[in-house]
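An overview of the molecular structure
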Amino acid sequence: MSEARAQIDALIRKSGADVAVVFHTLDGKDALLIQADVEYHAASTMKLPVLIELFRQAKAGTLKLDDQISVVNQFHSIVDGSPFTLSAGDDSDAGVYARVGSTMSFRDLAEAMITVSSNFATNLLIKRLGAQNIQLTTDALGATGMHVLRGVEDDKAFQKGLNNTTTARALATLLERIANGKAVDRASSDQMIAILKRQKFNERIPAGLPPGITVAHKTGEITKIQHDAAIVYAERPFSLVVLVRGLQDPKQGSALTAGITRVLYDASQAGPKGPARQTPASQVNPVSKTNPAPSSDPTAQLLSELIRINNSNPPGHENQTDELLASKLRPLGFEIEIVPTPEAGKSHLIARLKGDGSKKPVLIASHADTVGVERDKWSVDPFAGLIKDGHVYGRGAIDFKGGVAVFARSVMMLAENKIPLARDVIFLVEADEEGAQYNTSWLAQTHWAKMDCEFSLNEGGWIIKDDAGKVKYVSISTADKGGTSLVLTSRGTSTHSSMPRPDNAIFALSKAMARLADFDPQIELTPATKQFFLTLAKTSAPPMSQYYQTIAISTDPAALARAD
């Protein structure tokens, strides 16, 4: 580590910043400490002990993570008890503000507090958990350098210097307690790790690592403060805390942290001096219901990241997925536009890779939102993005985040390999596909010029393989039929229920609906559908092959009924 220390010292001197670093490999062989016990303003890193206390109280039974609490934007200063409110304009996420007057679960508040660093969610949790309880738990875990006095945006406390503070060692202690399952218990730690892995702000420690390495971390930023604290699941896992103070430009602080990370990654992955000690899997990178195994496949890794964003609709939160994808596409040269909808948290991503313009664009369209989830019916955490035995598990893995990942990697490969393009390639990630109002139809009506194209590739169609892995057929969806909306109107004499009349409008409408339900239309195969069944007949085993053949060519009602 001596050479790494010299490189890091040089980076810090060049930056002019005041920096603390604590680095430990989880096998216990290597460490590097710089100003480990110097106190810094904690900024949003103080949300880590709040997360731990939430899971401690859930384990103790004083609350349940899926319990709902009221979303009320009023808090009280620790100085004199005077009320204050938070502003969405000063927060990193507006999603919780849209829920004022309703309720949110502790689980969803924790997700917002960590992944998008919501101050509003943090204050709601601290108000319920108690700052004193958070501090007692933090001290009990050995992180005595972390001091949680209050929530966020308490201006009177700030003016009196009553701030949340931390040392790099304290943050590292908390992270390592989580990593080894001792913050609360193994199951709680796994859930906390899963949330930390869904962090959306990845321009610091993750930016200094090779692509595909999983990071569970929490950032913090205020004026002249840029922090990051992480568990890095590299081949040789490590914890890393970098606290930066004194740089006005956040980008400089982020670049410095990324540079320090890169040095430590390169030094640590060469391996420790002397015989290596085998670390229990539970202390390194536990593969569990909430902790996906790493994958070298970039598409599987991207899908895992997408699944970790809870896009269940309602409410959707598609903007979180849009921001993640934009951060990956923008450096490759894509023109990025995130189109907000009138509903907070919902947006459409339009990413354009420019061609020479000789042909009209192609639109590659997908949707970010998923249907809801019943957690008790899952054997794994539906939002962990578990990669195991060649599969990716989670809500949306098929419908349709798997497609989002495939489409995204396809267009990224075009850019990465600098493929000459005659036409622009437009990658669209839609909101509200699962039945809400600000869907692709709304986008087409309001922003058609941004998605105008010669043709579109969209959701639908399958590549079917046999047991040996050989492709049997590739199906392509075609728009050969559609639905029809009907409006039925019935008229009759208005009367009271105590005086029923034979021309009652409700009765007439009920009879009409019953006749419509009993209607059995004649089946007609379009050319595309007939070809589909004939192809299935060739690629399927008996008796299904014969059934498909019958449906495609037979006119015998009895044979068709048997096949159906």
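Calculation rules
- Residues numbered from 1 in each chain as written.
- Predicted model: local features only at pLDDT ≥ 70, side-chain atom pairs only at ≥ 80, totals over all residues.
- Heavy atoms only, no water.
- pLDDT = per-residue confidence, 0-100.
- Helix = DSSP H or I, 4+ residues; strand = E, 2+ residues; numbered from the N terminus.
- Contact = heavy atoms within 4.5 Å.
- Salt bridge = Lys/Arg side-chain N within 4 Å of Asp/Glu carboxyl O.
- Buried < 20%, exposed > 50% of the residue type's maximum accessible area, 1.4 Å probe, protein only.
- Pairing = 2+ DSSP bridges.
- Axes fitted to C-alpha atoms, helices over the stretch in contact; angles between N-to-C directions.
- Parallel < 35°, antiparallel > 145°, perpendicular 65-115°, else oblique.
- Left-handed = near helix turned anticlockwise from the far one by under 90°.
- Nonpolar A, V, L, I, M, F, W, Y, C, P; charged D, E, K, R; others polar.
- Phe/Tyr/Trp six-rings, centres within 6.5 Å; stacked < 30°, edge-to-face > 60°.
- Lys NZ or Arg CZ within 6 Å of the ring centre and 35° of its normal.
- Core = buried A, V, L, I, M, F, W, Y, C linked by side-chain atoms within 4.5 Å.

**Some thoughts on the confidence of the model for the protein**
Model confidence for the protein is summarised by a mean pLDDT of 89, while 95% of its residues fall at 70 or above. Taken element by element, the predicted model of the protein shows its lowest mean pLDDT in helix α10 (residues 281-284) (33) and its highest in strand β17 (residues 423-430) (98). Under a pLDDT of 50 for its full length, residues 271-295 has, in the predicted model, 60 contacts with residues more than four places off or in other chains.

**As for the pattern of salt bridges**
The full count for this structure, using the stated rule, is 24 salt bridges. Arginine 5 is the partner of aspartate 9 in a salt bridge, and the nearest nitrogen-oxygen pair spans 3.1 Å. Taken together, the residues aspartate 9 and arginine 5, both in helix α1 (residues 2-15) and four residues apart, mark about one turn of the helix. For aspartate 9, a relative accessible area of 22% corresponds to the partly exposed category. Take arginine 5: its relative accessible area is 34%, and that puts it in the partly exposed class. Note that lysine 328 is salt-bridged to glutamate 305, the shortest N-O span being 3.3 Å. A residue pair is termed long-range when its members are at least 10 positions apart, and lysine 328 in helix α12 (residues 318-329) and glutamate 305 in helix α11 (residues 298-307) qualify at 23 residues. According to the relative accessible area criterion, lysine 328 is partly exposed, its value standing at 25%. Taking the relative accessible area as the measure of exposure, glutamate 305 reaches 21% and is therefore partly exposed. Here the salt bridges do not stand alone but share partners, grouping Asp27, Asp30 and Arg236 into one network.

**Overview of the pairing of strand β9 (residues 214-222)**
Side chains on a regular strand alternate between the two faces of the sheet. Counting buried positions along β9 yields seven of nine residues, so the element is predominantly enclosed. Here β9 runs beside strand β10 (residues 225-233); their pairing, made up of nine bridges, is antiparallel. Looking at the pairing, lysine 218 lines up with alanine 229 of β10. Linking β9 to β10, which pair antiparallel, is a turn of two residues; within it lysine 224 sits at a positive phi near 60 degrees.

**So, the packing of α11 against helix α13 (residues 401-416)**
Running from N to C, α11 and α13 cross one another at 135 degrees; their axes reach a closest spacing of 9 Å. By the angle class used here, α11 and α13 are oblique. The hand of the α11/α13 crossing is right-handed. Facing α11, whose interface residues are Pro298, Thr299, Leu302, Leu303, Leu306 and Ile307, α13 presents Lys401, Gly402, Val404, Ala405, Val406, Ala408 and Arg409. The residue inventory of the contact of α11 with α13, partitioned by class, reads nine nonpolar, two polar and two charged.

**Describing the pairing of strand β20 (residues 471-474)**
Sheet topology note: the strand β19 (residues 463-465)/β20 ladder contains three bridges and is antiparallel. Within the sheet, the bridge partner assigned to lysine 465 lies in β20 and is valine 471. The hairpin formed by β19 and β20 contains five residues between the paired strands, and glycine 469 there has a positive phi angle of roughly 90 degrees.

**Considering the packing of aromatic side chains**
Under the criterion given, the structure shown has eight aromatic pairs. Seen from their ring centres, tyrosine 97 and phenylalanine 120 are 4.7 Å apart, and the 50 degrees between their planes marks the pair as tilted. Of this pair, tyrosine 97 sits in the loop between β6 (83-84) and β7 (103-105) while phenylalanine 120 is found in helix α4 (residues 119-129), placing the two residues 23 residues apart along the sequence. Three or more aromatic residues joined by ring pairs form one cluster here, namely Phe75, Phe84, Tyr97 and Phe120. Across from the ring centre of tyrosine 233, 4.6 Å away, lies the NZ or CZ of lysine 197, which sits over that ring. The ring of tyrosine 40 carries the charged tip of arginine 245 above its face, separated from the ring centre by 3.9 Å.

**Comments concerning the sheet that holds β10**
If you trace the five strands from one edge of the open sheet to the other, you get β2-β1-β11-β10-β9, paired in antiparallel fashion. Where the open sheet ends on each side, the last strands, each with one partner, are β2 (31-34) and β9. Strand-to-strand twist across the sheet, computed as the mean angle between neighbouring axes with direction ignored, equals 10 degrees. Pairing of β10 with strand β11 (residues 238-245), which is carried by eight bridges, proceeds in the antiparallel orientation. Bridge assignment links aspartate 228 to a residue of β11, and that residue is valine 242. Contacts between α1 and the sheet are confined to β1 (18-25) and β2, with β2 contributing the most and set at about 30 degrees to the helix.

**Quick look at the nonpolar core**
Leu51 and Val96 are the most contacted members of the largest nonpolar core, which totals 61 residues. Looking at this core, the element that brings in the most residues is helix α7 (residues 168-179), giving eight residues. Excluding anything up to four places from it in sequence, valine 96 contacts Val71, Met104, Leu109, Ala112, Ser118, Phe120, Ala121 and Leu124. In this structure, Val404, Ala405, Phe407 and Leu421 belong to the second largest nonpolar core, which totals 32 residues.

**Examining unusual backbone geometry**
Look at the link from proline 314 to proline 315: it is a cis peptide, with omega at 0 degrees. Mapped onto the elements, proline 315 comes out in the loop between α11 and α12. In this model, aspartate 399 is joined to phenylalanine 400 through a cis peptide bond whose omega is 0 degrees. Secondary-structure assignment places phenylalanine 400 in the loop between β16 (391-393) and α13. Phi at aspartate 389 is positive, roughly 55 degrees, even though this residue is not glycine. Inspection of the secondary structure puts aspartate 389 in the loop between β15 (386-388) and β16.

**Brief notes about the environment of threonine 223**
In this structure, threonine 223 sits in the loop between β9 and β10. In this structure the C-alpha to C-alpha distance between threonine 223 and aspartate 564, which are 341 residues apart in sequence, comes to 68 Å.

**Here we look at the sheet that holds strand β13 (residues 347-353)**
As summarised here, the arrangement of the five strands in space is β12-β13-β17-β14-β18, forming an open sheet in which the pairing is mixed. With partners counted over all chains shown, the strands left at the sheet margins are β12 (335-340) and β18 (455-457), one partner each. Geometrically, the sheet is characterised by an average inter-axis angle of 20 degrees between neighbouring strands, direction not taken into account. Against the sheet, helix α14 (residues 440-447) touches β12, β13 and β17, its axis set at about 110 degrees to β12.

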